Amino acid sequence: MPVALPIAHQIRQIEATPPTATAPARARDRWADIAEEICNADPAGHRDPDKVATILRLKFEHQWSHSRIADHVELSASAVTRTLTAAREHIGPSEGGTQYGN
């Protein structure tokens with residue numbers, strides 16, 4: 001019978017997994033690309049691309065809640081929500097976005 005791993009271990013596994021592990025060798029990290037677009041569009045320049053990519057990965061690949069993500073990346077839940085809202089125009093509709101496939 002499989003044993004559940006502690007949450008801290010699961011998080012380390014998520015962070016240690018190369019973002020392109022299932023993508024072709026030349027493929028770029030999609031979440032990092034979207035994070036960079038979001039950060040470049042932020043007029044105040046307050047968003048950290050690495051944190052934004054982590055937020056996107058945890059939400060869309062691992063289906064974490066906003067509050068759980070916020071605890072993990074040490075931001076408020078509202079900051080996570082604002083980041084995810086800004087990402088919607090950059091991701092496909094099947095993932096909750098509004099741009100691709102319209």
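Above: the structure in question.
This section reports on the structure supplied with the text.

Calculation notes
- Residues numbered from 1 in each chain as written.
- Predicted model: local features only at pLDDT ≥ 70, side-chain atom pairs only at ≥ 80, totals over all residues.
- Heavy atoms only, no water.
- Salt bridge = Lys/Arg side-chain N within 4 Å of Asp/Glu carboxyl O.
- Helix = DSSP H or I, 4+ residues; strand = E, 2+ residues; numbered from the N terminus.
- Phe/Tyr/Trp six-rings, centres within 6.5 Å; stacked < 30°, edge-to-face > 60°.
- Buried < 20%, exposed > 50% of the residue type's maximum accessible area, 1.4 Å probe, protein only.
- Lys NZ or Arg CZ within 6 Å of the ring centre and 35° of its normal.

Focus on the pattern of salt bridges
Should their charged atoms come close, side chains of opposite charge can pair. The tally for this structure, following the rule as stated, stands at one salt bridge. Residues Arg-57 and Asp-29 are paired through a salt bridge, measuring 2.5 Å at the closest nitrogen-oxygen approach. Of this pair, Arg-57 sits in helix 3 (residues 49-60) while Asp-29 sits in the loop between helix 1 (7-16) and helix 2 (30-41), and the two are 28 residues apart along the sequence.

Here we look at the packing of aromatic side chains
This structure, assessed with the given rule, holds one aromatic pair. Taking the centre distance of 5.6 Å and the plane angle of 15° together, the rings of Trp-31 and Phe-60 count as stacked. Placement of the pair is Trp-31 in helix 2 and Phe-60 in helix 3, with a sequence separation of 29 residues. Overall, Trp-31 belongs to the buried group, its relative accessible area being 4%. In this arrangement the basic side chain of Arg-30 is found over the ring face of Trp-31, its NZ or CZ atom lying 4.7 Å from the centre. The ring of Trp-64 is capped by Arg-68, whose NZ or CZ atom sits 3.9 Å from the centre of that ring.

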